[in-house]
2 protein chains.
Amino acid sequence: MPDVTLARIEKDLLALSRFGYNETDKGVYRQGFTDVDMEARRWMMQQFEAAGMTARMDGAGNVIGRYGPDDKPAVLIGSHLDSVPAGGIFDGTLGVVAGLECVRTIIENDIALAHPIEVIGTSEEEGRFGGMLGAQALTGSITPDWLESAHDPSGLKLKDAMAKQGLNHLDVLHAYKDPDDIKAFLELHVEQGPVLEAAHKTIGVVEGISGVFKWLVRLIGKADHAGTAPMNMRSDAFLGVAEFAHEIQRIINEEGTERSRLTIGRVELKPGFPHTVPGEVEFTLVGRDLEPEVMKALSNACRRVLSSIARKHRLMFEYEQMSWLEPMPCSSPIVDLVEKHTKQRGYSYMRMPSGAGHDTQFFAGVTDAGLIFVPSVGGVSHAPDELTHWVDIEKGANLLLDCVIELAAA
Amino acid sequence: MPDVTLARIEKDLLALSRFGYNETDKGVYRQGFTDVDMEARRWMMQQFEAAGMTARMDGAGNVIGRYGPDDKPAVLIGSHLDSVPAGGIFDGTLGVVAGLECVRTIIENDIALAHPIEVIGTSEEEGRFGGMLGAQALTGSITPDWLESAHDPSGLKLKDAMAKQGLNHLDVLHAYKDPDDIKAFLELHVEQGPVLEAAHKTIGVVEGISGVFKWLVRLIGKADHAGTAPMNMRSDAFLGVAEFAHEIQRIINEEGTERSRLTIGRVELKPGFPHTVPGEVEFTLVGRDLEPEVMKALSNACRRVLSSIARKHRLMFEYEQMSWLEPMPCSSPIVDLVEKHTKQRGYSYMRMPSGAGHDTQFFAGVTDAGLIFVPSVGGVSHAPDELTHWVDIEKGANLLLDCVIELAAA
């Protein structure tokens, strides 16, 4: 098997990192449909063409480089080019740059293809406008009404942001790719978590993307003077959420798996004064697992435990399910393929879930899709000090190359 | 023993409630040194004079009605005339109006006095400018530098608010009363808590005002992606405060008394996003008890437990002691006197601490001081729906009268 050339990957990643780089905090600010985001996309198209591919931008802002025969379903390699505010230089870009390097290597080594390869730099994966626009457009889960109403946290509408870049938001619907024209989808991404590093593994063979539910929970008791209200006569809403938080590990032990996550990330007390017993608390509960049944078991247990704690502390319990995204398994043939080539390369690896969302999750709904992780130092991502060692990037790209060759070669 | 005339108390309380009454929320807005506060004080002086007392306003804005012989230390009856924003009509005013009614009743019944009686409507007890200005001025715990720098939450300086009312802030220091001129201090106040109502008692014989400590606590862990960070690799700061809250009752059971209070009233998570493991939490801890040793034991236990929880959850623990106010016991001769007359009147009663602060706590430092509670319906205070039944007010005022007569009569 041929190998990728790390120096070219490094050069492309560093070049991309200049689009939106902030000298003050050293972070990348390349949010979807900003000027720098569009500049990066045009730059990427130039690299596709320089490598001998045809390049185009679709109606959703995805940039697509294509190489190979025209009459067969394509093997897609994709990840995103946009960043969060103050993001790092590997998140997303790695998968696009590595995809390009795979095609360069295939061309250099005169590997004949039975299927074309498309390298896709997807648009707006980080959710500035509330979705994963590029991947959703390609896989057909964007509706016209959503395109009309989507807006960023400042209130700027997606359609206005796109218009400013010369794009018509309704053209997003033209980005849809007929699944019959797709053979498979592969994504190489940094883990954005601490698992691989802690386990001393180079490759994460991702089995699926965890499902997520998000609740907004309210516990309502009674605000009292913290001096005059005896402890046993209070209805202290904070004690309710505190007792629940204390039970979270037990709930996971009893109902979940080692892949389960339950997180209380936002908590607001009312009135929130030092000398007042909190009469009300509102908090978010986010649950994740790779199995739908486990997600249901976790959410049922959370509801039972919250009800019971509310009764005990004389609180009213109410919650709103803000979202419920089903887990999305990666295709087993692709998972097996990735694992096989990892073993052949002799790389250390582990099978694992992805707790974070990725473009792959939309492609997994329409084709054979797979996701490969390489380690994030300290688990850090979405921050200027995001780092993946070049040696790990090289291995990840070589693995991607092997998989692409097996899927696309004649 | 003679009785007070409830109708006059009722009339005065309702009249006072008009100063600062808000038609929209039905609350009283009579914060210290506002126009309506000063109007209420001048009205109160007129009532003192109408009852046959001499009346004056001292340099701190306290209004003082005096009756009786001039050559002996005075028996003081006092409480405050200012209110919190959107307050009720009984808090503070009851003690002033009942004091006036005691003097009226003594005059009507030709009771000869060996000691003069002074009825005091204290100023700025609710802490708009950060203290209990009137009572502190009378008992000598105000300093010139504090007078220069004190300001309300909007930044308005005390000295400017006083100047606007024609008062010179440095005259506050002239309000100091030589303790040799004071025989005793008595205050009748609504409980502002639920204890008397729940215990079906009419009178609370207050043994002392609880001490208070206030901590600002920080637990610092590590912010992580709620999807990618496994439960056992997190340093979740919220789990730290939750576990501590869970231990609060145990801490009180082991180190405190039934009079102890520990309250977490304000909690702020950082970054406070639903999908991020909270890397940091800042919260307030307010502790109260009637015994200095118990306060120390509680605070030591809180420190130990927080340290241990921080270690367990891999958090850094730091705290700042924002304030430590020692408990202030009421004088036992006065407590016994109040209890004796309660029994003689045949009123139901209980001994109890005051968890909230009152003017009494400053007088207890310089003279024999006592505090009498009557029930607050539902424990509500500092709110428009504050209510104490007239029948309970009548009993409280009669008890005050009996105590004053025993202390002041010839």
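Please refer to the structure placed before this passage.
Residues numbered from 1 in each chain as written. Chains lettered and ligands numbered in written order. Predicted model: local features only at pLDDT ≥ 70, side-chain atom pairs only at ≥ 80, totals over all residues. Heavy atoms only, no water.

1. Some points on the overall build of chain A
Here's step 1: Within chain A, the secondary structure is distributed over twelve helices and 15 strands.
Here's step 2: Each principal axis of the C-alpha atoms in chain A carries an extent, and together these give about 80 × 50 × 40 Å.
Here's step 3: The buried share among the 410 residues of chain A stands at 59%.
Here's step 4: Residue pairs in contact within chain A that sit at least 24 positions apart in sequence constitute 78% of those at least 6 positions apart.
Here's step 5: When the accessible surface of chain A is split by element, carbon and sulfur atoms take 51% of a total near 15,100 Å².
Here's step 6: In chain A, which carries 39 positive and 59 negative side-chain charges, the distance between the mean positions of the two groups comes to 5 Å. (Helix = DSSP H or I, 4+ residues; strand = E, 2+ residues; numbered from the N terminus. Buried < 20%, exposed > 50% of the residue type's maximum accessible area, 1.4 Å probe, protein only. Contact = heavy atoms within 4.5 Å. Areas by Shrake-Rupley, 256 points an atom, 1.4 Å probe, with all protein chains shown as cover. Lys, Arg positive; Asp, Glu negative; His and termini not counted. Charge placed at Lys NZ, Arg CZ, Asp CG, Glu CD.)

2. A few points about the relation of the copies chain B and chain A
Here's step 1: Rotating chain B by 180° and translating it 0.1 Å along the rotation axis places it on chain A, where the RMSD comes to 0.1 Å. Both copies of the chain, as the preceding transformation shows, are related through a two-fold rotation axis. When each C-alpha of chain B is compared by its distance to the rotation axis, Ala-242 of chain B comes out closest, at 2.0 Å.
Here's step 2: Interface overlap between copies: 100% of the residues of chain B at the interface are likewise at the interface in chain A, consistent with a symmetric, same-surface contact. (Least-squares fit on C-alpha atoms with pLDDT ≥ 70 in both.)

3. Thoughts on the side chain of Asn-62 of chain B
All names here are of chain B.
Here's step 1: Residue position: Asn-62 is located in the loop between strand 1 (54-57) and strand 2 (63-67).
Here's step 2: Looking at Asn-62, its side chain comes within polar contact range of the main-chain oxygen of Gly-134, at 3.3 Å.
Here's step 3: Discounting residues that sit within four places of it in the chain, Asn-62 has contacts with Arg-41, Arg-56, Met-57, Ile-120, Gly-121, Thr-122, Ser-123, Gly-134, Ala-135 and Leu-138. (Polar contact = N/O pair within 3.5 Å; in protein donor to acceptor, adjacent residues only side chain to side chain.)

4. Comments concerning the interface of chain B and chain A
Here's step 1: Each side of the interface is counted separately: chain B has 50 residues, and chain A has 50 residues.
Here's step 2: Of all residues in chain B, the largest losses of buried area upon contact with chain A belong to Thr-228, Met-231 and Pro-274 of chain B, amounting jointly to 15% of the total for that side.
Here's step 3: One can count ten residue pairs in polar contact (both at pLDDT 80 or more) joining chain B with chain A.
Here's step 4: Looking at the side of chain B that touches chain A, the elements that each hand over two or more residues are helix 7 (195-199), strand 7 (211-220), helix 8 (237-255), strand 9 (261-270), strand 10 (276-277) and strand 11 (280-289) of chain B.
Here's step 5: Residue contributions to the side of chain B that touches chain A peak at ten residues, all from helix 8 of chain B.
Here's step 6: Residue composition of the side of chain B that touches chain A, grouped by class: 26 nonpolar, 16 polar and eight charged. (Buried area = accessible area lost by both parts, 1.4 Å probe. Nonpolar A, V, L, I, M, F, W, Y, C, P; charged D, E, K, R; others polar.)

All quantities given are derived from atomic positions and should not be read as evidence of function.
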